[in-house]
Amino acid sequence: NNNHINIDKFFRLKVRIMKRKNWYLLDNAALIFPCTANKTRPNMFCVSAFLVEEINQAILQETIDQVLPRFPSYKVRLKKGLFWYYFEENTKDYVVEEEPAYLYNYDMLKSKNGYLFDLAYYRNKISLTMFHSLTDGTGAMEFLKTIVYQYLKLTGKDIDSEGVVMMPNAPSINSEVKDNFVKYYNKDKSIAPKELKAYHIEGTHFDYGVGTIVGTASVSEVKKLAKKYNVTLTTYLSALFTYALYLDAYSEEHPIKKPIKLFVPVNMRKIFKDETTRNYAGYLRLETFCKPNMTLEEVILDYDKQMKEKVTKEYLANASNANVRMSKNFIIRIMPLAVKNIAMRIGYSMLGDGIQTTSVSNLGVVQIPKSMEPYIENLHFDLGASYNIAKNFGICSYKDKLNMSFCRSIIETGLEKQFFKLLTDQGIKVEIMSNYWERE
């Protein structure tokens, strides 16, 4: 017990020293990503803005120079400590470059002067690729909104933040960089049910790179389909994804025996009324067992029931306890980082990738100032795929545009074809765009 107290004092002293030196501990959701990231599992995602005019590189460079100090938890480099990874303030310049053809490149972490994000441009597109240890999709979209706001200002546009953009010249406040997971930690509660292995999407893997296919439809029209079943848009699209996978992969000769498990992030900022630019998403799993003659309606109603049971304050707070408990575990805390890396990789393969078919993440409607809307055509949210999780599904809405993005590490696109056919068969018009990576 005395040793335990001494170790706790040591860690508290270490945190105080780190704060004085502009160092940051990784938040509890971020701890796993540096340990498990590699070329086949880059742990990256991307948010993009399509403007009405082509991007000027010099102005975009000036923009990030002005905006980055406003987000101190992103102006960092990843460092190895004796026990944990940590963030240290990065004093090097950030250099904006043209968007590469190779998306979600893990080597980016070594080529951006130590920065853990990639701000790039291509024609009229500004893309922001983030390493997941920095933040979640919501935090990245707020960062991108500020970048686009300042860029438009520097190009002479008469715009106003209207209270929905984090102003680049405003000081950062302490609550924005807090690890809010610790706030609701209860050592006596944790949701840790036994998990069955999940079905994994199979296919022919690319030698390198990630394929993306984005379908854009009317938000109001797709919501009408969801309203028929009295479910949310997220529930409806999650069920549509599952049913498309069922149509593409299931047959009597080759049944899907393992459950299809969707990993669904939930923005806890809305539920707990907290603000942070760091990771703050709770996670739940929607799962279904395939059977002959399964219908879309069955999946929708089943997912609706699961959603209503799990999207609650108590469930999300308890579910996040597992991550916090791990970081507070005495044995894990004193374990050298090199040993932690091995242990976490093994654990993640079993309890991360092993029990997940895909991720389905919906950022919802992205709020943009009315004065900025004439200069922005669209917004996208892409979840990078990995070798084991071959396809991920990112969703975001801008005005009446519902953008549904499939990222994949395999050549085959049967799931995507089934998904969009399910929509078009119901009279929904869908515009498709792709990076044509399947040609490789």
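This structure is a prediction, so every number in the text was calculated from the model and none was measured.

## Re the overall build of the protein
Helix and strand counts for the protein stand at 14 helices and 15 strands. The proportion of buried residues among the 440 residues of the protein is 55%. Of the accessible surface of the protein, which amounts to about 20,500 Å², a share of 52% is contributed by carbon and sulfur atoms.

## Regarding the pairing of strand β13 (residues 391-398)
On a regular strand, each side chain points to the face opposite its neighbour's, so the side chains alternate between the two faces of the sheet. Burial analysis of β13 places eight of its eight residues in the buried class, which makes it a mostly covered element. Here β13 shows two buried faces, one formed by Lys391, Phe393, Ile395 and Ser397 and the other by Asn392, Gly394, Cys396 and Tyr398. Sheet topology places strand β11 (residues 358-365) next to β13; four bridges connect them, and they run parallel. Opposite Val365, over in β13, you have Ser397 as the bridge partner. As defined by bridge partners, β13 adjoins strand β14 (residues 401-408) across eight bridges and the pair is classed as antiparallel. For Cys396, the partnering residue across the bridge sits in β14 and is Asn403. Once β13 ends, the chain turns through two residues before running back antiparallel as β14, passing Lys399 with a positive phi of about 55°.

## Side note on the packing of aromatic side chains
As enumerated under the stated definition, the model contains 21 aromatic pairs in all. Relative to Phe381, the ring of Phe45 lies with its centre 6.1 Å away and its plane at 80°, an arrangement referred to as edge-to-face. Taken together, the residues Phe45 in strand β2 (residues 44-51) and Phe381 in strand β12 (residues 376-383) connect sequence positions 336 residues apart. For the pair Phe45 and Phe381, one class covers both residues: buried. Judged by centre distance (4.9 Å) and plane angle (50°), the ring pair of Tyr74 and Phe143 falls under tilted. Highlighted residues: Tyr74 in the loop between α3 (57-67) and β3 (76-80) and Phe143 in helix α5 (residues 137-154), separated in sequence by 69 residues. According to the relative accessible area criterion, Tyr74 is buried, its value standing at 0%. An aromatic cluster of at least three residues, connected via ring pairs, comprises Phe71, Tyr74, Tyr94, Tyr115, Phe117 and Phe143. Across the ring face of Trp84, the terminal group of Lys340 is positioned such that the distance to the ring centre comes to 4.3 Å.

## Considering the side chain of Ser48
Counting through the fold element by element, Ser48 comes out in strand β2. Beyond its immediate stretch of four places on either side in the chain, Ser48 contacts Lys125, Ile126, Ser127, Leu144, Asn378, Leu379 and His380.

## Brief notes about the sheet that holds strand β8 (residues 211-218)
Strand order in this open sheet of seven strands is β10-β9-β11-β13-β14-β8-β15, and the pairing throughout is mixed. This sheet does not close on itself; its edge strands, each paired only once, are β10 (281-288) and β15 (431-434). Looking at each pair of strands side by side, their axes are set apart by 20° on average, direction ignored. Judged from the eight bridges that link them, β8 and β14 form a sheet pairing that is antiparallel.

## Description of the sheet that holds β2
The pairing of strands in a sheet happens through backbone hydrogen bonds and is either parallel or antiparallel. Reading across from one edge, β5-β6-β7-β2-β12 is the order of the five strands in this open sheet, with mixed pairing throughout. The open sheet has two edge strands, β5 (97-98) and β12, and neither has a second partner. Note that β5 and strand β6 (residues 117-122) share two bridges and pair parallel. Bridging across to β6, Glu97 finds its partner in Ala120. Strands in contact with α3 are β5, β6 and β7 (125-131); relative to β6, the strand with the most contacts, it is inclined by about 155°. Those strands touched by α5 are β2, β6, β7 and β12, and its axis lies near 30° from that of β2.

## Describing unusual backbone geometry
Unusually for a residue other than glycine, Asn43 sits at a positive phi of about 55°. Relative to the helices and strands, Asn43 resides in the loop between α2 (32-36) and β2. The backbone of Lys399 shows a phi angle near 55°, a positive value even though the residue is not glycine. Note on Lys399: relative accessible area 45%, which makes it partly exposed.

## Digging into the environment of Thr155
Among the structural elements, Thr155 can be located in the loop between α5 and β8. Among the residues examined, Thr155 registers a relative accessible area of 26% and is labelled partly exposed. The sequence separation of Thr155 and Asn56 amounts to 99 residues, and the corresponding C-alpha distance is 9.0 Å. Reaching out from Thr155, the side chain makes a polar contact with the side chain of Lys157 at a distance of 3.3 Å.

Basis of the calculations
Residues numbered from 1 in each chain as written. Predicted model: local features only at pLDDT ≥ 70, side-chain atom pairs only at ≥ 80, totals over all residues. Heavy atoms only, no water. Helix = DSSP H or I, 4+ residues; strand = E, 2+ residues; numbered from the N terminus. Buried < 20%, exposed > 50% of the residue type's maximum accessible area, 1.4 Å probe, protein only. Areas by Shrake-Rupley, 256 points an atom, 1.4 Å probe, with all protein chains shown as cover. Pairing = 2+ DSSP bridges. Phe/Tyr/Trp six-rings, centres within 6.5 Å; stacked < 30°, edge-to-face > 60°. Lys NZ or Arg CZ within 6 Å of the ring centre and 35° of its normal. Contact = heavy atoms within 4.5 Å. Axes fitted to C-alpha atoms, helices over the stretch in contact; angles between N-to-C directions. Polar contact = N/O pair within 3.5 Å; in protein donor to acceptor, adjacent residues only side chain to side chain.

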